[in-house]
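Summary of structural features
Letter by letter, the chains look like this.
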Amino acid sequence: MAWLVADDRVLATLEIADSWQSRLRGVIGRHEFDGALLLTPARSVHTIGVKFDLAIAFCDADMCVVDIITMAPNRIGMPRPRARSVLEAPKGSFERWGVTKGDQLEVRS
């Protein structure tokens, strides 16, 4: 199991989707979702087939947050050219965790 970390503070459990199939599937079909999902590599996401609003953080190659948005179900997001990975979490998660644009995140095993 992996962990999403900021400033040596564990924010959430982390699933990693690093194959084409796992990135495409994401959180589709789930009725609830705890923690976060890291899609890598990725520059954009969609919420087609997702049943709840998502908080989305676009991260650069160093896992620095370059943008944060909220997406409703059945939407297609615009790509972020600087993004190399995307974090998905339930809506409101980044606010609860204190994650903002410019934050440096880390993945730990």
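Residues numbered from 1 in each chain as written. Predicted model: local features only at pLDDT ≥ 70, side-chain atom pairs only at ≥ 80, totals over all residues. Heavy atoms only, no water.

What about the packing of aromatic side chains?
Centre-to-centre distance and the angle between the planes together describe a pair of aromatic rings. Applying the stated rule across the entire model yields one aromatic pair. Residues Phe-94 and Trp-97 carry aromatic rings whose centres are separated by 5.8 Å and whose planes lie at 70° to one another, so their mutual orientation is edge-to-face. Taken together, the positions of Phe-94 and Trp-97, both in helix α2 (residues 93-97) and three residues apart, correspond to about one turn of that helix. Residue class for Trp-97 comes out buried when judged on its relative accessible area of 12%. (Phe/Tyr/Trp six-rings, centres within 6.5 Å; stacked < 30°, edge-to-face > 60°. Helix = DSSP H or I, 4+ residues; strand = E, 2+ residues; numbered from the N terminus. Buried < 20%, exposed > 50% of the residue type's maximum accessible area, 1.4 Å probe, protein only.)

Here we look at the pairing of strand β6 (residues 85-90)
Along β6, six of the six residues are buried, which leaves the element largely enclosed by surrounding structure. Relative to β6, strand β3 (residues 36-39) runs antiparallel, the two being bridged by three bridges. Its bridge partner lying in β6, Leu-39 is registered against Val-86. As judged from the six bridges shared by strand β4 (residues 54-59) and β6, these two strands associate in the antiparallel manner. Bridging from a neighbouring strand, Leu-54 pairs with Pro-90 of β6. (Pairing = 2+ DSSP bridges.)

Some details on the nonpolar core
A general tendency of soluble globular proteins is for nonpolar side chains to be buried together. Leu-4, Leu-87, Phe-94, Trp-97 and Leu-105 are the most contacted members of the largest nonpolar core, which totals 19 residues. Going through the elements one at a time, β1 (2-6), β2 (9-17), β3, β4, β6 and α2 are the ones with two or more residues in this core. Core analysis: the second largest hydrophobic core is formed by 16 residues, Ala-17, Ala-42, Phe-58 and Val-86 among them. (Core = buried A, V, L, I, M, F, W, Y, C linked by side-chain atoms within 4.5 Å.)

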